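# Architecture and fold: a report
Each chain is listed here by its residues.
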Amino acid sequence: MHRSWQRLLFITSTFGITQAHANGWNMPVGVTDISQDIFGLHMAIFWVCVVIGVIVFGVMFYSLLKYRHSKGAKAASFHEHTSVEVLWTAIPILILIGMAVPATATLKNMYDSSEADLDVMITGQQWRWRYEYLGEDVAFTSNMSTPREQIRGEETRDEHYLLDVDEPLVLPINRKVRFLMTSDDVIHSWWVPELAVKQDTIPGFINENWVKINEPGIYRGQCAELCGVNHGFMPVVVHAVEEEEFEVWLAERKEAAEQEAMGIDREWAMEDLMARGESVYQAICSSCHQRDGQGAMPAFPALANNDQLINNLDWHIDRVVNGVSGAAMPAFRSTLNPVEIAAVVTYTRNAWGNETGDVVQPAAVAERIAQ
Amino acid sequence: MAPKLPPQHSLQHSSTAVAGGHSQHGHAAQPKGIMRWLLTTNHKEIGSLYLIFSLVMFFVGGMFALVVRAELFQPGLQLVEPEFFNQMTTMHGLIMVFAAVMPAFTGLANWMIPLQIGAPDMALPRLNNFSFWLLPVAFTLLLSTLFMPGGGPNFGWTFYAPLSTTYAPPSTTFFILALHIAGISSILGAINIIATILNMRAPGMRMMDMPLFVWTWLITAFLLIAVMPVLAGVITMMLMDINFGTSFFDAAGGGDPVLFQHLFWFFGHPEVYIMILPAFGIVSAIIPTFARKPLFGYASMVYATAAIALLSFLVWAHHMFIVGLPLTAELFFMYSTMLIAVPTGVKVFNWVTTLFRGSISFESPMLFALAFVVLFTIGGFSGLMLAIAPADFQYHDTYFVVAHFHYVLVPGAIFAIMAGVYYWLPKWTGHYPNERLAQCHFWCSIIGVNLTFFPMHFAGLAGMPRRIPDYALQFADFNLLSSIGAFFFGASQLIFVLVVVMCVRGGKKAPAKAWEGAEDLEWSVPSPAPLHTFETPPVFNRTHHHD
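Residues numbered from 1 in each chain as written. Chains lettered and ligands numbered in written order. Predicted model: local features only at pLDDT ≥ 70, side-chain atom pairs only at ≥ 80, totals over all residues. Heavy atoms only, no water.

Turning our attention to the side chain of B:Asn192. Residues and elements named next belong to chain B. The topology assignment puts asparagine 192 in helix α6 (residues 172–199). We classify asparagine 192 as buried; its relative accessible area is 0%. Apart from residues no more than four positions distant in its own chain, asparagine 192 is found in contact with Met122, Ala123, Leu124, Leu127 and Asn128. (Helix = DSSP H or I, 4+ residues; strand = E, 2+ residues; numbered from the N terminus. Buried < 20%, exposed > 50% of the residue type's maximum accessible area, 1.4 Å probe, protein only. Contact = heavy atoms within 4.5 Å.)

A few words on the nonpolar core. Formed by 276 residues in total, the largest nonpolar core has its most connected members in A:Tyr133, A:Phe179, A:Trp190, B:Phe98 and B:Phe139. Looking at which element gives the most residues to this core, the answer is helix α14 (residues 399–429) of chain B, with 22 residues. When residues of this core are sorted by domain, at least three fall in each of domain 1 (2–67 + 80–110) and domain 2 (118–260) of chain A. With residues near it in sequence (within four places) discarded, A:Tyr133 still touches A:Leu118, A:Asp119, A:Val120, A:Val138, A:Phe140, A:Leu169, A:Val170, A:Phe246, A:Trp249 and A:Leu250. Formed by 25 residues, the second largest nonpolar core is a distinct cluster that contains A:Met274, A:Val280, A:Tyr281 and A:Val345. (Core = buried A, V, L, I, M, F, W, Y, C linked by side-chain atoms within 4.5 Å. Domains from an automatic or database assignment.)

Another point: the pairing of strand β6 (residues 188–192) of chain A. Residues and elements named next belong to chain A. Here β6 lies mainly inside the structure; five of its five residues are buried. Burial along β6 is two-sided: His188, Trp190 and Val192 facing one way and Ser189 and Trp191 facing the other are all buried. If you look at the hairpin formed by β6 and strand β7 (residues 197–201), you'll find four residues sitting between the two strands, and alanine 196 has a positive phi there, around 55°. Summarising the sheet, β6 and strand β9 (residues 217–223) pair through two bridges and their orientation is antiparallel. If you follow tryptophan 190 over to β9, its bridge partner there is cysteine 223. (Pairing = 2+ DSSP bridges.)

Residue and element names in this part refer to chain A. Ordered in space as β4-β10-β9-β6-β7, the five strands form an open sheet in which the pairing is mixed. Both outer strands of the open sheet, β4 (169–172) and β7, are each paired with one neighbouring strand and no more. Neighbour to neighbour, the strand axes of the sheet diverge by 25° on average, direction disregarded. Relative to β7, β6 is paired through five bridges, and the arrangement is antiparallel. Following the sheet pairing, tryptophan 191 is matched in β7 by lysine 198. Helix-sheet contacts for helix α6 (residues 243–262) involve β4 and β10 (235–241), and the interaxial angle to β4 is about 135°. (Axes fitted to C-alpha atoms, helices over the stretch in contact; angles between N-to-C directions.)

What follows covers the side chain of B:Asp209. When you line up the elements, B:Asp209 lands in the loop between α6 and α7 (212–243). A polar side-chain atom of B:Asp209 sits 2.9 Å from the main-chain amide nitrogen of B:Arg206. (Polar contact = N/O pair within 3.5 Å; in protein donor to acceptor, adjacent residues only side chain to side chain.)

Residues and elements named next belong to chain A. The interhelical angle for the contact between helix α7 (residues 270–289) and helix α10 (residues 338–349), taken along N-to-C directions, is 95°, at an axis separation of 7 Å. It follows from the interaxial angle that α7 and α10 lie roughly perpendicular. Contacts between α7 and α10 pair Leu273, Met274, Arg276, Gly277, Glu278, Val280, Tyr281, Gln282 and Cys285 from the former with Val339, Glu340, Ala342, Ala343, Val344, Thr346, Tyr347 and Thr348 from the latter. Taken together, the residues that form the contact of α7 with α10 break down as ten nonpolar, four polar and three charged. (Parallel < 35°, antiparallel > 145°, perpendicular 65-115°, else oblique. Nonpolar A, V, L, I, M, F, W, Y, C, P; charged D, E, K, R; others polar.)

This next bit is on the UniProt feature "transmembrane region" (unreviewed entry) in chain A. Residues and elements named next belong to chain A. Under the UniProt annotation, the feature "transmembrane region" (unreviewed entry) is placed at residues 44–65 and 86–105. This span, residues 44–65, is 100% helix and 0% strand, and a straight line between its end C-alpha atoms measures 31 Å. Secondary structure over residues 86–105 splits into 100% helix and 0% strand, and the C-alpha atoms at its two ends are 29 Å apart. (UniProt positions renumbered as here; feature names shortened; annotations may be inferred.)

All names here are of chain A. The domain boundaries assigned to chain A delineate domain 1 (2–67 + 80–110), domain 2 (118–260) and domain 3 (263–370). For domain 2 and domain 3, the distance between their C-alpha centres works out to 24 Å. Taken together, the 14 residues of domain 2 in the interface contact 18 residues of domain 3. Among the residues of domain 2 in contact with domain 3, Arg128, Arg148 and Glu260 are the three that bury the most area, contributing 45% of the side total. Inspection of the region where domain 2 meets domain 3 yields two salt bridges. The residue arginine 276 makes a salt bridge to glutamate 260 at a minimum N-O spacing of 2.9 Å. Secondary-structure elements contributing two or more residues to the side of domain 2 that touches domain 3 are β2 (128–133), α5 (148–151) and α6. Taken together, the residues of the side of domain 2 that touches domain 3 break down into two nonpolar, six polar and six charged. (Buried area = accessible area lost by both parts, 1.4 Å probe. Salt bridge = Lys/Arg side-chain N within 4 Å of Asp/Glu carboxyl O.)

A few words now on helix α9 (residues 277–291) of chain B. Residues and elements named next belong to chain B. A rise of 1.5 Å per residue sets the reference length of α9, with its 15 residues, at 21 Å; its end C-alpha atoms lie 21 Å apart and thus fit the reference within 8%. For α9, a buried count of 15 out of 15 residues is recorded, marking the element as mostly surrounded by other parts of the structure. One or two residues past the end of α9 sits arginine 292, with phi positive at roughly 55°. (Expected span 1.5 Å × (residues − 1).)

Once that is clear, we can look at the pairing of strand β1 (residues 118–125) of chain A. Residues and elements named next belong to chain A. A large share of β1 lies buried, amounting to seven of its eight residues. Sheet analysis places β1 next to strand β5 (residues 177–183), joined by seven bridges and oriented parallel. Its bridge partner lying in β5, glycine 124 is registered against serine 183. Where β1 lies against β2, six bridges are found, and the strand directions are antiparallel. In the sheet register, glycine 124 faces β2, and the bridge partner there is tryptophan 129. The antiparallel hairpin formed by β1 and β2 contains two residues in its connecting segment.

Further remarks concern the sheet that holds β5(A). All names here are of chain A. A sheet is described by the order of its strands in space; here five strands give the open sequence β3-β2-β1-β5-β8, paired in mixed fashion. Edge positions in the sheet fall to β3 (138–142) and β8 (207–211), since each of these pairs with one other strand and no more. The average undirected angle you get between the axes of adjacent strands in this sheet is 25°.

Here the focus is the packing of helix α4 (residues 82–117) of chain B against α7(B). All names here are of chain B. Here α4 crosses α7 at 135°, and the two axes come no closer than 11 Å. As judged from the angle between their axes, α4 and α7 are oblique. Along this stretch, α4 crosses α7, giving a crossing that reads as left-handed. Of the residues in α7, those in contact with Phe98, Met102, Phe105, Thr106, Leu108, Ala109, Met112, Ile113, Gln116 and Ile117 of α4 are Phe213, Val214, Trp217, Leu224, Met228 and Leu231. Tallied by class, residues from the contact of α4 with α7 come to 14 nonpolar, two polar and no charged. (Left-handed = near helix turned anticlockwise from the far one by under 90°.)

On the side of chain A, 90 residues touch chain B, which itself brings 97 residues to the contact. Buried area between chain B and chain A, summed over both chains or domains, comes out near 7,900 Å², and the portion from carbon and sulfur atoms is 71%. Counting the surface chain B buries against chain A, the share from its top three residues, B:Tyr167, B:Phe393 and B:Gln394, is 9%. Our count for the chain B to chain A interface comes out at one salt bridge. Across the contact surface, chain B and chain A share 25 residue pairs in polar contact (both at pLDDT 80 or more). Of all the secondary-structure elements, those providing two or more residues to the side of chain B that touches chain A are α4, α8 (257–274), α11 (327–355), α12 (364–387), α13 (389–395) and α15 (435–461) of chain B. Tallying contributions element by element places α11(B) first for the side of chain B that touches chain A, with 16 residues.

This is the structure:
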């Protein structure tokens, strides 16, 4: 019954605003049942406000025009009227109850994340998202891919300026996907307007939300909770695909993960580690330590010509693996694999004038993580 | 409304007392120059100090806002780095809330509450001096953090942990100290106001005879006393986390980042009403004056204010709909928040009904009060939309929220303050403000405020998050308009300063009762109000409609 009431709200309220939606003036209708319910609630409460506003401001402006001192209006002296006052207390209560009923139904539905077909762990990190397909051994981080030159105005900004990532979250349509959401550092908020999912990711907590997407497509959003200096550069991109396509993609990712796991045991050449390390560094480390390793004091120390780093290999690996407690440096032992850590350590020890010549093998890092 | 003016003999009384005041007291020579202002215990002088301080801070906070708007003028990073941008958004909020709006209302309270209740001064004049002089200390300290290594606070005026603790710049400890000092100032000010209102009303003036500005401030003062200690508690917990190794808000040490938000908003929601209830009082004085008709529903205005104040303690988690509260908590806070619309609606209906069948003129105080009613109500409507918890999952932390709270705070609280200033300037200075310039200020402000904040509704609905230094291209048009509006609004406020300065220096002379329809006791003393008034209490003449 609630459902049909909401559908009715939705249909009546979308009337006449399709144009507004297309122009990006209004909340998107979205591609889930919940997002459409929310849109219906939004438009319903909007029209309630419009009607009340027209009546109240109508009386007000009528009075302002009609009862002007300059036109010789004589003031009445009435100053209370019990039945009118009771009436305009009671009517708003009834309107509010009328709004609360469908809102309650939608909210209950949003909170029912049971019986999901797929669980995805979403972890916020300054300033990227990590996605883990639970039970599938597939995990990756998703970084903004808009180049710095576009932000600085040195290149033309493309259509999805600030809303593009290196690896989108890939989800199947028509399946209930449960999100388990947490954070490694500060509070972030994972938001995709067209999915109507916005949920804080909080260190020490695991929040739940869910989505069942009706249409394939690419849906973009952003971090919604101020999370530090690069809060504005932490987009979310969801790529919703047909179920078969999703299965193929997942299988490919699993295989790639296995390949990567095998890479831990083999001996890597320095140039391979340097190449890999540079891509990891630019994706993960450069947002704080800067692309040239110069850092940004006082929070983010320089890595180039950093004596402590150059003279102490063990200390260096430990910082990357375990992070620095009480400071912005996170522990990467669970977000980067041993190959990536070995590569990025090798890279930082041999880039920007750091000429240690050290080569760190993934096996050594794996051993360190195991300790 | 029957006039509340005291009988003529009491008027005589107070003015003779003024004339002879100084010599009778036999004080040693009054301090001159700076010492006069440092040591003053006079409610009018302290009121002026509060108002001047608040005006200066309004421009400081405004400059910060313009830095933000300049950076957001178009996509890309052009003027400032994100780190400094975050300091600007944070400082803008902190300064406007704690150093501009709150002291402005305290200044008006200092000036007007004794005059409106027929008291010679505040109940605790030396405490009054201390409350004020804490503020320049607090905010000099706060502003000095901008020049410290690592910069000033950069975590938003809501300073959510752990961004404001584990990940905060080193200056955060100074920020905490500054807020402590400002909080002490507020608590002492509130105690003073309560003591004054409860003990020093003119003989014959009962609680239900008090002007609504006095009523709303009385309720506001209780809110302050209730929640400022909570703020002090939460920032002390931050202090411990930062400097003494505790883990109140650090999950790694078993702490709870969500606890911070519960504590902050238990303070923060009443805080937003602290910034609006006195505004209700001002508007409730001005509308009847210029409609020449008694305020409709005086008693229901008082009850509605009290109801809003009580509800303000029960709605805090509507700021936290997406932190993962249990369903029952979401429902409770959604319903309680929606309920606020009822007493707020009563107030708006009462103002509109006061206008109905009045005899209305449109002097500058009235223009600002009318704009308040319309634009505050628009902010109330978006507030009602935000109360719908499922929809808030889309609105939360977007520019829709920014639009909402700026509508209730700028054309809400700040327009009410300006209305009050224009309304009472004749009483303070003995001159009417220049009406042409004041009207020019009004129309520029109306255009500026709507151009700045109305497009933010659309930017937010279209998906633009708050507190970002750069944005996707589809938000460019809205931001362009907002930035133009902000600079226009900011420049318009220079007219306000001009009007005030001109009014202090001269202008059309105002009689004791400066506005034809004005009824309250402050209009019984001469304009400008002498330094000492009501040294002999007036006899309050109760022929009042709500007996």
